Amino acid sequence: MGVDLGSLVPSRTVSVRELSGKVLFFDGNNVLYQFLASIRGRDGTPLKDSRGRVTSHLTGLLYRLANLVEGGVLPVFVWDGKPPEDKLATIQERRERRDAASKAWEKAKEEGDLETARVKAQQASRLSGEMIEQADALLDALGVPSFTAPSEGEAQAALAVPEGEGFASVSQDYDALLFGAPRLVRNLTTTQKRKLPGKDKRVEVKPELIRLERVLEELALTREQLVGVGVLMGTDFNEGIEGIGPKRALDAMQEHGTLTKAAKALDEDAETLELVAEIFLEPDVGDVPDLSWGPVEEEAVVDLLVGEHSFSEDRVRSTVERFSSLDDPSRQGSLEDFF
DNA sequence: CAGGTGTA
DNA sequence: TACACCTGG
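Residues numbered from 1 in each chain as written. Chains lettered and ligands numbered in written order. Predicted model: local features only at pLDDT ≥ 70, side-chain atom pairs only at ≥ 80, totals over all residues. Heavy atoms only, no water.

S.K.: Run through the protein's contact with DNA strand C, naming residues and quoting values.
M.R.: As a matter of local geometry, DNA strand C sits amid 12 residues, with Arg 42, Pro 46, Leu 47, Lys 48 and Thr 55 nearest to it. In DNA strand C, the atoms that sit within 4 Å of the protein are 57% sugar and phosphate, with bases accounting for the remainder. Residue Arg 42 places a side-chain N or O atom 2.4 Å away from a phosphate oxygen belonging to DNA strand C. For the surface near DNA strand C, the class distribution of residues is 3 nonpolar, 5 polar and 4 charged. (Near = heavy atom within 4 Å. Polar contact = N/O pair within 3.5 Å; in protein donor to acceptor, adjacent residues only side chain to side chain. Nonpolar A, V, L, I, M, F, W, Y, C, P; charged D, E, K, R; others polar.)

S.K.: Help me get a handle on the pairing of strand E9 (residues 208–211), residues and values and all.
M.R.: In this sheet, E9 lies alongside strand E1 (residues 12–13) in antiparallel orientation, the contact comprising 2 bridges. The residue of E9 that forms the bridge with Arg 12 is Leu 209. Pairing of strand E6 (residues 183–186) with E9 involves 4 bridges; the strand directions are antiparallel. Its bridge partner lying in E9, Leu 184 is registered against Ile 210. (Pairing = 2+ DSSP bridges. Helix = DSSP H or I, 4+ residues; strand = E, 2+ residues; numbered from the N terminus.)

S.K.: Go over the domain arrangement of chain A, please, and point to the residues and values.
M.R.: The figure often quoted for interface size is the accessible area lost as the parts come together. Looking at chain A, the domain boundaries give domain 1 (1–217) and domain 2 (220–284). Distance between the C-alpha centres of domain 1 and domain 2: 25 Å. For the domain 1 and domain 2 pair, buried surface summed over both sides reaches about 2,000 Å², with 65% attributable to carbon and sulfur atoms. Inspection of the region where domain 1 meets domain 2 yields 5 residue pairs in polar contact (both at pLDDT 80 or more). Elements represented by at least two residues in the side of domain 1 that touches domain 2 include exactly helix H3 (88–110), helix H6 (153–160), helix H7 (175–178) and helix H8 (212–219). The greatest single-element share of the side of domain 1 that touches domain 2, amounting to 4 residues, is contributed by H8. (Domains from an automatic or database assignment. Buried area = accessible area lost by both parts, 1.4 Å probe.)

S.K.: So what's going on with the packing of helix H1 (residues 28–38) against helix H2 (residues 56–70)? Residues and values would help.
M.R.: Packing of H1 against H2 brings their axes to within 8 Å, and their N-to-C directions diverge by 115°. Relative to H2, the element H1 is oriented roughly perpendicular. In the crossing of H1 with H2, the sense of the turn from one axis to the other is right-handed. Across the interface between the two elements, Leu 32, Phe 35 and Leu 36 from H1 touch Ser 56, His 57, Gly 60, Leu 61 and Arg 64 from H2. (Axes fitted to C-alpha atoms, helices over the stretch in contact; angles between N-to-C directions. Parallel < 35°, antiparallel > 145°, perpendicular 65-115°, else oblique. Left-handed = near helix turned anticlockwise from the far one by under 90°. Contact = heavy atoms within 4.5 Å.)

Okay, here's the thing in structure tokens:
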């Protein structure tokens, strides 16, 4: 998922406390997918309500947001609209991979191989339109604003982030940087521990802040060149080149300056790669609507989570209390008015 | 993922 | 108090 820039980009750890009072634009689909893939029982089965419908995305959203809002964060969720045409081939491949994982999961479960079952179950995760609707209804009841992007939520979130320290994108994917997000927060959890993929163990992961300006400075690249690095390595929209990882992609862009020249030097189809670069450099985004936080509608949250999805009422009510900081009426209107 | 509980 | 383990839904 996303472009693997981790080994190249400089970052600093950041605490939730430091993010207090800041407006964070969440890549909603990315965040829900993380919950769906990680909030699971021992054999890899996600949490479900009494009717058998998956609830991992709702559990994750409720508790994650409770911590952040309690810490003073002002969240905004951005959902994916229509996938870009260019992405269709990749999406098709992904569907095939998921189907294969799904079959392997069933097989591993039959054979009692729990570890493999868990891994395959995660790979089989899929986020449905219904899950997004449920999550959006929950946000609405909690007083957290959301909107849908024309296309990629990641791109919309990245470009919605104004200049200024009061704002950042939130996603696990480095793609946000290619789309031009001035600041990106990754690993935004409160307990600083995260389950290792596949293992039933947790490892310390601290939230980190990445500044695009700093990345470009450090790597001595323009944003166009950074996109070139990503495209050479492979993104959600293209496969990448065999034998080219972060190091060689960076070297190639530093040496040749443009993606076209680097591609030619590597004997690759420059035209196709430039088309992929265009997705990042000319993303399909729209205007950011006026945003407002609160009030928190406790009864609506209870109806949804307890009535509809079998959550425990006591737990829900006490968690909803933690959203009270959003009831401040000064937090309504357009973004420029906040700071 | 995050909170709660058991154990030393 | 610290941390491994379990549950939630």
